[in-house]
Amino acid sequence: MLESFMITFREGLEALLIVGVILGYLVQTNRVYVNKYVYAGVGLGILGSLLAAVTLNILAIEFEGRNEALFEGVVMLLAALVLTSMIIWMLKESSNISANIRKNVDSKTEYGLMGLAFVSVFREGIETVLFMGAAAMNTETSTVLYGGLLGLAASVVIAYLVFKSSYHLDLGMFFNLTSVFLILFAAGLTAHGIHELQEAALIPVFNEHLWDINHILSEDGIAGSLLKSLFGYNGNPSLLEVVSYIGYYVALGIGIKGLNSKSKTGTVQTT
């Protein structure tokens, strides 16, 4: 439940804050007459996300046995890829995300604003669909659903408080802090995706159980099941699972380091 709560809370709050910044800036620039286009974009984004969720659910029902393991592995790895690209983008934009949103608003026509709102909501919706689908493969569907609904409700409350009070939320700080959780989640998805592809006999196993500590921290226990649902914990992982888990952090670290180097180079050239 905590996993799905964090997913929908983070994604829901991100979408609400971005749309809130757009609407707030339209008020500041006396362009409230185009709010209806923003609302239309939000509605289309939600509709598109729901259609994607239904499609993913239908596909999941159709698979059994080896094909089910293959489907789950592909979905988990795809979710990890999308999540990682979002994390890198957010780390790049976090320092001036509000300014970038306002800049986009200034350059858009009415239908352009509709498109901007649609993309903002649909992107978060697709990410939520993928992450919730991956989470449901490790946990009971009802638990994932309840956690997801609670996360959405919490995101609505926090977003309302942010825009209806004098409290100022540092978007950059928020996205950086939640990205730490999402990085751990993505690493677990990567390792678990590899596990499922091994179950489907698509990739070799090599060493089936590199170690076994289930007698110390069982996957079926309270702590173990929580770690499994949140971060892909496996008490007896294969060699490739461990390599993929560690390799994910190495690859992400290299990507972030390259991003920082590029950012510093651009700053030097600008100055």
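Cut-offs used in this document
- Residues numbered from 1 in each chain as written.
- Predicted model: local features only at pLDDT ≥ 70, side-chain atom pairs only at ≥ 80, totals over all residues.
- Heavy atoms only, no water.
- Helix = DSSP H or I, 4+ residues; strand = E, 2+ residues; numbered from the N terminus.
- Buried < 20%, exposed > 50% of the residue type's maximum accessible area, 1.4 Å probe, protein only.
- Contact = heavy atoms within 4.5 Å.
- Areas by Shrake-Rupley, 256 points an atom, 1.4 Å probe, with all protein chains shown as cover.
- Core = buried A, V, L, I, M, F, W, Y, C linked by side-chain atoms within 4.5 Å.
- pLDDT = per-residue confidence, 0-100.
- Patch = residues over 30% accessible without salt bridge, like charges linked within 9 Å, V, L, I, M, F, W, Y side chains within 5 Å.
- Salt bridge = Lys/Arg side-chain N within 4 Å of Asp/Glu carboxyl O.
- Phe/Tyr/Trp six-rings, centres within 6.5 Å; stacked < 30°, edge-to-face > 60°.

S.K.: Sorry if this is basic, but what is going on with the overall build of the protein here?
M.R.: Helices and strands together make up the secondary structure of the protein, namely nine helices and zero strands. Secondary structure elements of the protein, listed N to C terminal, follow the sequence α-α-α-α-α-α-α-α-α. With 271 residues in all, the protein has 43% of them scored as buried. Counting contacts in the protein only where the partners sit at least 6 residues apart, residues at least 24 apart contribute 83% of the total. Per element, the accessible surface of the protein, about 14400 Å² overall, is 67% carbon and sulfur.

S.K.: For this particular structure, what's the right way to read the nonpolar core?
M.R.: Generally speaking, soluble globular proteins have nonpolar side chains that are buried together. Ranked by internal contacts, the top residues of the largest apolar core, which has 21 residues, are Leu83, Phe131, Leu182, Phe185, Leu189 and Tyr248. Those elements that provide at least two residues to this core are helix 3 (65–93), helix 5 (110–136), helix 7 (171–199) and helix 9 (239–270). Contact partners of leucine 182, with chain neighbours within four places excluded, come to Arg10, Leu83, Met86 and Ile87. Judged by nonpolar contacts, the second largest core, of 18 residues, contains Leu23, Tyr37, Leu113 and Met114.

S.K.: For this particular structure, what's the right way to read the confidence of the model for the protein?
M.R.: Reading fine detail from the predicted coordinates is not recommended where pLDDT is low. Predicted confidence across the protein gives a mean pLDDT of 80, with 82% of residues reaching 70 or more. Within the protein, no element has a lower average pLDDT than helix 4 (residues 97–106), which sits at 71, and none a higher one than helix 2 (residues 35–62), at 87.

S.K.: Explanation requested: the environment of alanine 40 in the structure shown.
M.R.: With respect to the helices, strands and loops of the structure, alanine 40 is situated in helix 2. Measuring from C-alpha to C-alpha, the distance between alanine 40 and tyrosine 111 comes to 9.6 Å, with 71 residues separating the pair along the chain.

S.K.: Help me understand a nonpolar patch on the surface in this model?
M.R.: Residues Phe206, Leu210, Trp211, Ile213, Ile216, Leu239 and Val243 make up a contiguous nonpolar surface patch of roughly 670 Å² in combined accessible area. Within the secondary structure, phenylalanine 206 sits in the loop between helix 7 and helix 8 (222–231).

S.K.: What is the right way to read the environment of leucine 130 from this model?
M.R.: Relative to the elements of secondary structure, leucine 130 occurs in helix 5. Exposure remark for leucine 130: the relative accessible area of 10% places this residue in the buried category. For the pair leucine 130 and leucine 83, spaced 47 residues apart in sequence, the C-alpha to C-alpha distance is 9.2 Å. Here leucine 130 is in contact with Val75, Leu78, Ala79 and Val82, once residues within four sequence places are set aside.

S.K.: How do you make sense of the packing of aromatic side chains when you look at a structure like this?
M.R.: Two numbers describe a pair of aromatic rings. These are the distance of the centres and the angle of the planes. One pass over the full model with this rule turns up five aromatic pairs. Ring centres 5.9 Å apart and planes at 5° place the aromatic pair phenylalanine 5 and phenylalanine 9 in the stacked group. Linking phenylalanine 5 with phenylalanine 9, this pair stays in helix 1 (residues 2–28), spanning four residues, or about one helical turn. Overall, phenylalanine 5 belongs to the partly exposed group, its relative accessible area being 25%. By relative accessible area, which is 17% here, phenylalanine 9 ends up buried. Where tyrosine 248 meets tyrosine 249, the ring centres are 5.9 Å apart and the plane angle is 75°; that geometry is what we call edge-to-face. Accessibility expressed as a relative area gives 10% for tyrosine 248, which makes it buried. An aromatic cluster is present here, built from Tyr245, Tyr248 and Tyr249 joined pairwise through their rings.

S.K.: What am I meant to see in the pattern of salt bridges here?
M.R.: As a working rule, side chains carrying opposite charge can pair if their charged atoms are close by. As enumerated under the stated definition, the model contains one salt bridge in all. Arginine 123 serves as the salt-bridge partner of glutamate 124, at 3.1 Å between the closest nitrogen and oxygen. Among the residues examined, glutamate 124 registers a relative accessible area of 2% and is labelled buried.

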